Amino acid sequence: MKPLEPTDSIPASGRLLVNATAAIDADRVVAPATVLLERGGIVAMDTPGAIGDPVVDRRLDVRGIVCPAMVNAHAHLDLTDLGPIPCDSGFDAWLGRVREGRPVSAEAITRAVQAGVRASIAAGVAAIGDISGDRGLVAARTLAESALAGTAFVEFFGIGRRTDAAVAAIHRLDADPDRIRESPGFRLGIQPHAPYSCGPPVFVAAAETGRPVSTHLAETPEEIRFTTSGDGPLLELLRRIGGMTDEAGAVPVSGRHPIDQLLEVAPRRPWLVAHLNYPAEPEEAEDSRRRRFEALADAGITVAYCPRAARFLGHPRPGRLGHPWRTLLEAGVEVALGTDGMPCLDTPDRLGPLDEMRRLRPEAPDLDPRTLVRMATTAGARGLGLDPGAFMLSPGPVAGLLAIETDPARPVEGLFEGTATPSWIVGPDRNATAIGSGDVADAHRGRIP
Ligand SMILES: [Zn+2]
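Residues numbered from 1 in each chain as written. Predicted model: local features only at pLDDT ≥ 70, side-chain atom pairs only at ≥ 80, totals over all residues.

Before going further, it helps to examine the overall build of the chain. Broken down by element type, the chain carries 17 helices and 15 strands. The principal-axis extents of the C-alpha atoms in the chain amount to approximately 75 × 45 × 40 Å. Considering the chain as a whole, with its 449 residues, one finds that 52% of them fall into the buried category. Put simply, of all contacts in the chain between residues at least 6 apart along the chain, 75% involve residues at least 24 apart. (Helix = DSSP H or I, 4+ residues; strand = E, 2+ residues; numbered from the N terminus. Buried ≥ 20, exposed ≤ 12 C-beta atoms within 10 Å, placed from the backbone. Contact = placed C-beta atoms within 7 Å.)

In terms of domain boundaries, the chain breaks down into domain 1 (15–68 + 390–444) and domain 2 (70–376). Here the C-alpha centre of domain 2 lies 31 Å away from the C-alpha centre of domain 1. Taken together, the contacts link 22 residues of domain 1 with 23 residues of domain 2. When its residues are assigned to classes, the side of domain 1 that touches domain 2 shows twelve nonpolar, six polar and four charged. (Domains from an automatic or database assignment. Nonpolar A, V, L, I, M, F, W, Y, C, P; charged D, E, K, R; others polar.)

On to the sheet that holds strand S11 (residues 272–275). Spatial strand order, S10-S11-S12-S13: four strands in an open sheet with parallel pairing. Each edge of the sheet is formed by a strand with only one pairing partner; in this case those strands are strand S10 (214–217) and strand S13 (334–337). Going across the sheet, the axis of each strand differs from the next one's by a mean of 30°, ignoring polarity. As paired elements, S10 and S11 share four bridges and run parallel to each other. Bridged to threonine 215 within S11 is valine 273. (Pairing = 2+ DSSP bridges. Axes fitted to C-alpha atoms, helices over the stretch in contact; angles between N-to-C directions.)

As a packed pair, helix H5 (residues 163–175) and helix H6 (residues 200–208) sit with axes 9 Å apart at the nearest point and diverge in direction by 10°. When the axis of H5 is compared with that of H6, the two are roughly parallel. Contacts between H5 and H6 involve Thr163, Ala166, Val167, Ile170 and His171 from the former and Pro201, Val202, Ala205 and Ala206 from the latter. The residue makeup of the contact of H5 with H6, split by class, is seven nonpolar, two polar and no charged. (Parallel < 35°, antiparallel > 145°, perpendicular 65-115°, else oblique.)

Core analysis: the largest hydrophobic core is formed by 132 residues, its most contacted members being Ala23, Val35, Ile65, Val66, Val71, Val125 and Ala127. Mapping this core onto the domain boundaries places at least three of its residues in each of domain 1 (15–68 + 390–444) and domain 2 (70–376). (Core = buried A, V, L, I, M, F, W, Y, C linked by C-beta atoms within 7 Å.)

Let us now look at the sheet that holds strand S9 (residues 186–192). Here four strands make up an open sheet; going across it, the order is S6-S7-S8-S9 and the pairing parallel. At either margin of the open sheet sits one strand with a lone partner, and together these are strand S6 (70–75) and S9. Within this sheet the neighbouring strands show an average axis-to-axis angle of 15°, counted without direction. Pairing of strand S7 (residues 125–132) with strand S8 (residues 149–156), which is carried by six bridges, proceeds in the parallel orientation. Looking at S8, one finds that aspartate 130 is bridged to alanine 152.

Our focus in this paragraph is the confidence of the model for the chain. Chain-level statistics for the chain give a pLDDT mean of 92 and a share of 94% at 70 or above. Across residues 440–449 the pLDDT falls below 50, and counting only partners more than four positions away or on other chains, this stretch makes 19 contacts in the model. (pLDDT = per-residue confidence, 0-100.)

This is the structure we're talking about:
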C-alpha cells in the first residue's frame, strides 16, 4: 500500500470506512475488521457484519492490519543524525563516537530533533517521551513545534559539589516554563539523568515541580554498586569528570538499591523510568525483586523498556537474568516500549516501538498479542500522562490510525514479522491525546446511521 502522508488523510468532516483483514489494539483483536471514522475520530470498530453498510464519504481497503498510532516512551531525538553506530570496537569506543558526534550548535540540535520526529512519524509514532539533552532547550522547543504529542524531559546532571547547581537549575526552569510552548497533549518534564549522576536532592527538586518526571534507573550493575557502596567504575567516572564528588573525591550515597532510593523520593510522583535491567542483585534476598515490583506498581511508576538498545548495549550481562518485563507486567507494573537513541538501533529511517515489538515477539511467542500492542500504545500514553483512549480503537478521538501490510493468512502475527512500514490513515493528532479531549469530541460525533 502506498504510504499516506500524515496530514493528507481524510477530509476533517468526512466519514471514512476502513475494511481490514484484522484490527488490534490493547483490548481487542477483530478479524476481519471494519473501522468507521468521522472527523478524524473513531465512531465504531467491529466486524463488518456488526458495522453494516453506513453512508460514508470514502472507503479504504487495507490488506493487512489496522492499529492505533504508537507511543515511544523513551528516546533521545537529538542523537538521530548520528545514525546507527556499530559497537564492534567495544563499548567505550562506541560511547566516544556518540559523545563526539553529539550535536552542539542550535542548528545541529534542531536538525537532529526534526530528523527524529520524521523517523518517529515514519514508524507510526504519535507521542514520545524525549530526553532533551541540551540545557538551551533547543531540543525541547523543536519537539514542542512538531506534530508529536508527549513530553520533552529536560535532562539535569548534578551530584557531589554540583548537586546544588542542578537543584537551582530545576527551580529556574520551573519558574520560567514559558520558554517552551506547552499545549494540550504536550508538556515540559524534568529528567534527573540517573542515580549515579544526580544526588537525591535533584530527584526531590524534580518531583516537587509537579511536572512529568523521568530518569534512567537500574540500568547497569555498576549503578547499583555505586548507590549501595559509593565506589566502583562510576565513582571513577565522576572523579574523571571533576566537580561531581566532594573535596576528598568521594560521594555520600544512600546505601540503597536505586529502585528503593527512587521510591523514597518525596513527594511521590508517577516516574517514568527507563531500562530497569537489574531490579535485584544476585546476593539479595529472594523476595527483593517481588517486593520492589509491588512497590513500583503501588507508586504508579511506568517502566520504559528498550529491547533493541538493551541487547545492543550488552544486557543482560553474562550470568544475569534477562529483562524482567514479563514479571513486571504480572506484578501490575505498566511496561511501555521505548527505543533509546538511534545510535543503538538498526532502522535508520524509523524510530518507534513497532520494531521493538518485532524484536520481543520471538522471545515471548506465547504472549497475548494485545499485551505487546498495549506496551507500544496505552502503557506509554499512561506513562506520559496522555489519554490512553486516544491510542485504542474504541469510540472517541484517536491520536492516529495505522495500516500495516501483513500476510493475509496470519494478519495479527504478521504485525510482529517482517519489516513493513506503517501507513497513516488518520493523524497524528496531538490534540486528541490530551486528557479530556474526548468530552468535547464526543458531543460532535454522530452515530452509525
Ligand atoms: Zn536514555
